[in-house]
Amino acid sequence: MDVFRQSTIRFRMIFSLAAFSVLYGLVVLWYVPTQPALPFNCLVSNDDQFERPGAEIRYVADEDRWKGNIPEVGDHIIELGGRRIHSFVDFVRVQREWRNLTVGSEGTIEFGLDPSEEKYAGNLSVVEYPDKSRYVKCWLLRSGDERPLETWVPLIPQPISGISMVLFWFVLQMFVVVIGGVAYWNRPFDQPVRTFFALASVTTFAFLGGSHWWVIASSPFLISVFAISGCFLPAVLLNFFVVYPFPARFYRRHRGACLVAMYGIPLVVSAVLTTLIAMTWFLTADWGTGPFAESLEAVFRNVVRELMPFLRRAAQVAVLFAVVCFAGCVGLLVQSVRSTRNALEANQVRSILGAALFSLIPVAYTVYLWFFHPVEFALGWARLPMFLASVAFMFAYAVGIAKYKLLLVDQMVSRGVWYYSLSLALVLMFCALIAIGAVTALHQDLAIFGRTIPLVLVLMISVLVLTWTRDALQRNLDRHFFSEKYQFDKALKRMNSVVTGVLEPEQVSASLLDSCRDVLHVGEAALYLRKSERSVFRMLIASGRSNFPVQVVLEEEVFSALEMNRVWQRTPHASSPLQELIRRLGAEAIHGLEIQGALAGILVLGAKPTHKSYSAEDVAFVTAMARVASIALHCATVQKDVSRLNQDLKLKIEKISDQERQLSALQKELGAMSTSTTPVTEAKTFHRAGIVGTGEAMSTLLDTVRKVAASDSSVLIRGESGTGKELLARSLHENSLRSSGPLVSVHCAALSPTLLESELFGHVKGAFTDAREDKQGRFQLADGGTLFLDEIGDISLEVQVKLLRVLQERAFEPVGGTKSVSVDVRVVAATHRDIEQLIEDGKFREDLFYRLNVISLEVPPLRHRREDLYELSRHFLKRAAEKASKQVVGFDDSVRKVLERYDWPGNIRELQNVIERAVVLAEDRFVHVEDLPEELSQSAPRSRSVQLPKSLGSVTVPHSSVARRTAGDSEAEASQLREALDQCQGNKAEAARMLGMPRSTFFSKLKKYKIV
């Protein structure tokens, strides 16, 4: 079990890594285009370049929009956008701040003005023209010139060519990740598949981060993820070729040492890089102002300058390790081609080796840049060569998957999936063609055809060719489908006759094996059933020229693998215990048979005459046949058990009859011995079941409950939502003769008709999908007690029919059952809807209404029982204070008036929520009007100080605010309105808020007094 648990953890970790790589790719593809760029760039400097302050410019683009002095390679940036620049980290940090850059009105200048020549621009660090183009001020220190030079640098978008190339690569890589994920999902114990899936995920991190590392360097998280993945990618690539197509001999003998050798250096280098990145970002943070902060920043700057060479050297070690690993990969591929005996595997390795040999050219060019042109290497000149190398490997993987069955994807992906995938690709090509045509038509000066008519003709021909390709593919798939469908129907009819006949297990097994051999053209097959021991399986029957052993003993890891995934095929390069079992049996595939949720048998299939692997359709057929056979075997076993149980049941029935006769005689003797004394019954206490209120309306209602509680007649409780209908039903139950029985509640509106029927009446095993065992319904659970049906007006007509029968006959049949179940239940229903109107609309049965409405109780809404309002409020206040652990003991005098004035459309439920909210917001021992929601407290008298913005000060609103002035105070009211507007600088919304009145009322009064 430990091995299985480790495999599960590893499975989840690798899929989490893949999901994170996709998310990381999307974030980078969003982050890079939205990051403003500069027409020059700086890099991590060498050791001898720290003698001068600032960050050295290592690249300047051809740009004619400079304002002021034009930067040159070798200049040092000492200030950029108003921020001091001491190192490369400061340079990228200030660019990160430009993502949310806002330019005020003082920074907007007109066309034709040069900020380097305008005096007022001396205090600005960023300016913006009316077309939204922006310039930032930059101070340079040129070699041989001690005086800083001022220049205004334009902010430009990221180059579209690099972004387009990376986006195209990401789309292709997603296909590789998905295919690797599908293969690993179906074969989690296959080590080469697992390593390939991890390789595809790590490649996504490394390529996307490395393509724009100088852009994502402004994000410590993104650059750290790239640094870690870039260090581990060569090791994962080397690990893949060590285990593919089969583990190398030295790896099998010294697996631990090999893993340490492959992953030790990346682990150390990535730890060093991430630590240095974190330290440099921490040390270059803004430490405030003042002499101490400046001294601290000066010390930290010196530390950062000392750390930068280590950061660069660590990156160089990572590149050198990558070169060594790539050379090792090529050598391993050459060795695999020589040693592989299987022709299919040899073709797979040759296709990948071809990609590796092709990649030697771009990789060699990248190494050349690293040695002789490190600046160009760091500025992304190696992006195109690495793109070509990566695409070459993608093409090799595609050829291996499509032609040489790499990863055995054809065993997991059906023809239908291939068809829909290709159809989706063709649709995307259609869209691309239409988009290209539209763009070309709009920009004819950029058209490669020169005129519109030739372009339309080319697009039409392209669409016709793509459509013909799709139709030809569909016809080919249809021919295969209809030829296989006949064999499949034949096999299903054979299995159907076996299941309906409930024959012996041997006959069921023989039919299963014959069906598999006929449809799949398999030479041999066998079926094993598990014995009493967990891991021992014994052959029940074999078909064909079988050389399978009579008994198979499964290891714990193999047993767990079959429980997790029922179908397993032979994988030539896999070395798991399950694959070793398949080879030892001489089989091509095995399938686990599940009976009652447990692994009970193994179906073993031999190889096809053509020695081809099983396709996804073959696997689906075997799975379907195995499920039918499992049911048939279970039925055959159950039939034997039922016959035996019938004999036992007859004997037990006879014993029960004897015991009943004995009990009857004993009851007669006890009746003769009992005295005639009548027991004294105590007055029964009335249970309110949590109902609060002593007003006339509730007293009358509870008096009615007291009268009808002892009856078994059905009760229909009517009333609005939130009035306490369920509590009233509970009171009915607790005061009835059924109080010792259960009270079962069902909210009918919360369940669909199908689920409601199953919930009310239960179901038997096999009544519908996932009905794996018998389930008692709510009627059976409420036997001897009370069943409360809430929102009875929302049930469907089908359920109403069955419910009517229960009320009439006190019996029902569970869903899927044929035996009637008798129950002794009192039904109490509740609804907030107009049942009579539902009857007129044909949505509720009239006969069911009369059955339910034997006794009708109307629960009054809260607005009709205001005499209970304060008692209810006190009750909820106590509960809320205990829940919030607060010492809130009462209400302010004005709160009670507010509560009584409100209509409470949500009834008691709304009152409970309002009181709970007020207790949470209360700041002392009493609830005040300010603690109530706005819709309650809006019209209540209050006196409070409203804090305005600093420019306006504060205003105290008197007890009688403007919103409640009388007609005789019209002049004072108008004066106060004008005063509020003046203090709020004409902001009407702020003035209304200051005066504590709704905006609509404030606007009406302005209109009334003609105040503009």
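Here, the structure is the one placed above.
Notes on the structure follow. As the structure is a computational prediction, the values presented were derived from the model and not from experiment.

Here's the deal with the overall build of the protein
Within the protein one finds 32 helices and 25 strands. For the protein, the proportion of its 1012 residues judged to be buried stands at 45%. Contacts in the protein between residues at least 24 apart in sequence constitute 67% of all its contacts with a sequence separation of at least 6.

Re the sheet that holds strand S13 (residues 589-595)
Spatial strand order, S11-S10-S9-S14-S13-S12: six strands in an open sheet with antiparallel pairing. What marks the edges here is a single partner per strand, and that holds for strand S11 (551-553) and strand S12 (567-569). Each strand of the sheet is rotated relative to its neighbour by a mean of 25°, with strand direction disregarded. Pairing between S13 and strand S14 (residues 598-605): seven bridges, direction antiparallel. Each bridged residue has a counterpart across the sheet, and for Gly-592 the counterpart in S14 is Ile-602.

Description of the packing of helix H8 (residues 255-283) against helix H9 (residues 291-339)
Their axes nearest at 9 Å, the elements H8 and H9 cross at an angle of 155°. Between H8 and H9, the angle falls in the class roughly antiparallel. The handedness of the crossing between H8 and H9 is left-handed. Packed against H8, whose contacting residues are Met-262, Ile-265, Pro-266, Val-269, Val-272, Leu-273, Leu-276, Ile-277, Met-279, Thr-280 and Leu-283, the element H9 presents Phe-300, Val-303, Val-304, Leu-307, Met-308, Phe-310, Leu-311, Ala-314, Ala-315, Val-317, Ala-318 and Phe-321 at the interface. Considering only residue class, the contact of H8 with H9 consists of 22 nonpolar, one polar and no charged.

Concerning the nonpolar core
Membership of the largest hydrophobic core comes to 113 residues, with the highest contact counts inside it found for Leu-38, Phe-40, Ile-77, Leu-80, Phe-91 and Phe-241. In terms of residue count, the dominant contributor to this core is H9 (14 residues). What Phe-40 contacts, discounting residues up to four positions off in sequence, is Ile-57, Tyr-59, Val-60, Trp-66, Pro-71, Ile-77, Phe-91, Cys-138 and Val-153.

A closer look at the pairing of strand S2 (residues 55-60)
It is a general feature of regular strands that their side chains alternate between the two faces of the sheet. Pairing geometry for strand S1 (residues 40-42) and S2, over three bridges, is antiparallel. Counted as the bridge partner of Asn-41 is Tyr-59 from S2.

Considering helix H11 (residues 374-381)
Here H11 has its buried residues at Val-375, Ala-378, Leu-379 and Gly-380. Buried residues of H11 fall within an arc of 155° about the axis and therefore sit on the same side.

Some remarks on the sheet that holds strand S15 (residues 715-718)
Reading across from one edge, S16-S17-S20-S15-S21 is the order of the five strands in this open sheet, with parallel pairing throughout. Since the sheet does not close on itself, it has two edges, and those belong to strand S16 (743-747) and strand S21 (855-858), each with one partner. Pairwise comparison of adjacent strand axes, ignoring direction, gives a mean angle of 20° for this sheet. In the sheet, S15 pairs with S21 via four bridges, with the strands oriented parallel. Across the sheet, the residue bridging to Val-715 is Ile-855, located in S21. Contacts from helix H19 (residues 696-708) reach strand S20 (826-831) and S21, with the element oriented near 160° to S21. Helix-sheet contacts for helix H20 (residues 725-734) involve S15, S16, strand S17 (786-790), S20 and S21, and the interaxial angle to S15 is about 150°.

Section: the pattern of salt bridges
Inspection of every chain in the model, using the stated rule, returns 20 salt bridges. Glu-809 is the salt-bridge partner of Arg-805, the closest N and O atoms lying 3.1 Å from each other. Of this pair, Arg-805 and Glu-809 are both found in helix H23 (residues 797-809), four residues apart, which corresponds to roughly one turn of the helix. Look at Glu-809 and you get partly exposed, because its relative accessible area is 47%. A salt bridge links Arg-865 to Asp-868; its shortest N-O distance comes to 3.2 Å. The pair formed by Arg-865 and Asp-868 is uniform in burial state, with each residue classed as buried. When salt bridges with common partners are traced through the structure, they connect Glu-72, Asp-75 and Arg-142 into a single cluster.

With respect to the side chain of Asn-239
As for its position among the elements, Asn-239 is in helix H6 (residues 220-243). A residue is classified by how much of its surface remains accessible, and Asn-239, at 8% relative accessible area, is buried. Residues within four places of Asn-239 in sequence aside, it is in contact with Thr-195, Tyr-251, Leu-259, Met-262 and Tyr-263.

A short note on the packing of aromatic side chains
For any pair of aromatic rings, the description consists of the separation of the ring centres together with the inter-plane angle of the planes. Taken as a whole and assessed by the stated rule, the structure comprises 36 aromatic pairs. By way of ring pairs, the aromatic residues Phe-40, Trp-66, Phe-88, Phe-91, Trp-213 and Trp-214 are connected into one cluster. The positively charged end of Arg-313 is found above the aromatic ring belonging to Phe-310, 5.9 Å away from the centroid. Directly above the aromatic system of Phe-686 lies the positively charged group of Arg-706, at a separation of 4.6 Å from the ring centroid.

Considerations on the packing of helix H4 (residues 191-211) against H6
H6 packs onto H4 with a crossing angle of 150° between their chain directions and a minimal axis gap of 8 Å. In terms of orientation, H4 lies roughly antiparallel with respect to H6. In this structure, H4 meets H6 at a crossing whose hand is left-handed. Where H4 abuts H6, its residues Gln-191, Pro-192, Thr-195, Phe-196, Ala-198, Leu-199, Val-202, Thr-203, Phe-205, Ala-206, Gly-209 and Gly-210 lie against Val-225, Phe-226, Ser-229, Gly-230, Phe-232, Leu-233, Val-236, Leu-237, Asn-239, Phe-240 and Val-243. Across the contact of H4 with H6, the residue classes tally to 15 nonpolar, eight polar and no charged.

Conventions and cut-offs
- Residues numbered from 1 in each chain as written.
- Predicted model: local features only at pLDDT ≥ 70, side-chain atom pairs only at ≥ 80, totals over all residues.
- Heavy atoms only, no water.
- Helix = DSSP H or I, 4+ residues; strand = E, 2+ residues; numbered from the N terminus.
- Buried < 20%, exposed > 50% of the residue type's maximum accessible area, 1.4 Å probe, protein only.
- Contact = heavy atoms within 4.5 Å.
- Pairing = 2+ DSSP bridges.
- Axes fitted to C-alpha atoms, helices over the stretch in contact; angles between N-to-C directions.
- Parallel < 35°, antiparallel > 145°, perpendicular 65-115°, else oblique.
- Left-handed = near helix turned anticlockwise from the far one by under 90°.
- Nonpolar A, V, L, I, M, F, W, Y, C, P; charged D, E, K, R; others polar.
- Core = buried A, V, L, I, M, F, W, Y, C linked by side-chain atoms within 4.5 Å.
- Arc of directions from axis to C-beta.
- Salt bridge = Lys/Arg side-chain N within 4 Å of Asp/Glu carboxyl O.
- Phe/Tyr/Trp six-rings, centres within 6.5 Å; stacked < 30°, edge-to-face > 60°.
- Lys NZ or Arg CZ within 6 Å of the ring centre and 35° of its normal.

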